Amino acid sequence: LDRVLLGEAATYAKPQDEDAVTHTAKLTFEEGLLLPQQTARSLHNKVRAFVGWPSTRIDVCLKEGESGSEEMTSLKVLESRVEEGGSSTIPQPVLLQNGTEAIAIEVEGTKKMKLRCLDGSLLELVRVQPGGKKAMDAHAFLNGLRGRSLFWPIVPVESQA
């Protein structure tokens, strides 16, 4: 970068080998969906890589009580953290009213919100943004749930493409 600023970069530049040129497809909005089939580490890396566009999000089901109403919503995930060295318990899916399998999102009081992936790894959601609202930390989001439970639907990989 220093050589570019000094105007010396052209003397060090080399022509690109046309045989080594590669091409990749543009990122799509759908690629930002976080799925439980992935590991917490790969989800965390996706959150960091997709800042701005296409951003990352999870679909969640908000459930009233044991057999109450269910509401699907989407949360943009702005910041996450992988929980290292924790229990690697494999989550037990539950069946939502619409017939979709889902994993309960783990909540520690009203402070932390954690996604347990199907391999047992844990991803903590640090900052989220509900649709149509401002970005907030997990604590603020959990305070607004008013006793509702959170579930993370298991979307078949072929249906999200």
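Residue positions are counted from 1 within each chain, in the order its sequence is given. Totals for whole chains, interfaces and linings use every residue, but because this is a predicted model, local features are given only for residues with pLDDT of at least 70 and side-chain atom pairs only at 80 or more, for both listing and counting. Side-chain metrics in this entry use all non-hydrogen atoms of the structure; hydrogen atoms and water are not considered.

**Points about the side chain of K46**
Secondary structure elements are taken from DSSP: a helix is a run of H or I of four residues or more, a strand is a run of E of two residues or more, and numbering for both begins at the N terminus. One can find K46 in helix α3 (residues 40–49). Burial here depends on accessible area, computed with a 1.4 Å probe over protein chains only, as a share of the maximum for the residue type. Under 20% is buried, over 50% is exposed, and the range in between is partly exposed. Positive charge is attributed to Lys and Arg, negative charge to Asp and Glu, and no charge count is given to His or to the chain ends. One speaks of a salt bridge when a side-chain nitrogen belonging to Lys or Arg is within 4 Å of a carboxyl oxygen belonging to Asp or Glu. Lacking a salt bridge, the buried K46 has E31 as its closest oppositely charged neighbour, with an N-O distance of 6.9 Å. Those residues within four positions of K46 in sequence are excluded, and the remaining contacts are E31, L33, L34, Q38 and T56. A contact between two residues is defined here by any heavy atoms of the two lying within 4.5 Å.

**A word on empty space enclosed by the protein**
Residues are called lining when one of their atoms sits within 4 Å of a cavity or pocket point, these points coming from a 1 Å grid over the protein atoms alone, where a cavity is a set in which a 1.4 Å probe fits but cannot get out and a pocket is an open set with protein on both sides within 12 Å along at least five of seven lines. Grid points are joined across faces, edges and corners, and a volume is the space filled by probe spheres set on the points. Scanning all chains against the criterion turns up one cavity of 30 Å³ or more. Approximately 30 Å³ is the volume attributed to the largest cavity. L33, L34, L35, I58, D59, W152, P153 and V155 together form the lining of the largest cavity. Residue polarity is assigned by list, with Asp, Glu, Lys and Arg as charged and Ala, Val, Leu, Ile, Met, Phe, Trp, Tyr, Cys and Pro as nonpolar; anything else, Gly included, falls into the polar class. Residues belonging to the lining of the largest cavity are distributed by class as follows: seven nonpolar, no polar and one charged.

**Things to note about unusual backbone geometry**
With the exception of glycine, most residues fall at negative phi, and the peptide bonds are largely trans. In the segment running from W53 into P54, the intervening peptide bond is cis, with an omega of 0 degrees. Relative to the assigned elements, P54 resides in the loop between α3 and β1 (56–63). Its identity as a non-glycine residue notwithstanding, S55 has a phi of 65 degrees, on the positive side. With respect to the helices and strands, the residue S55 is situated in the loop between α3 and β1. A positive phi angle, near 50 degrees, is found at R146, a position not held by glycine. Note on placement: R146 falls in the loop between α4 (138–143) and β9 (149–153). Classification of R146 as exposed rests on a relative accessible area of 67%.

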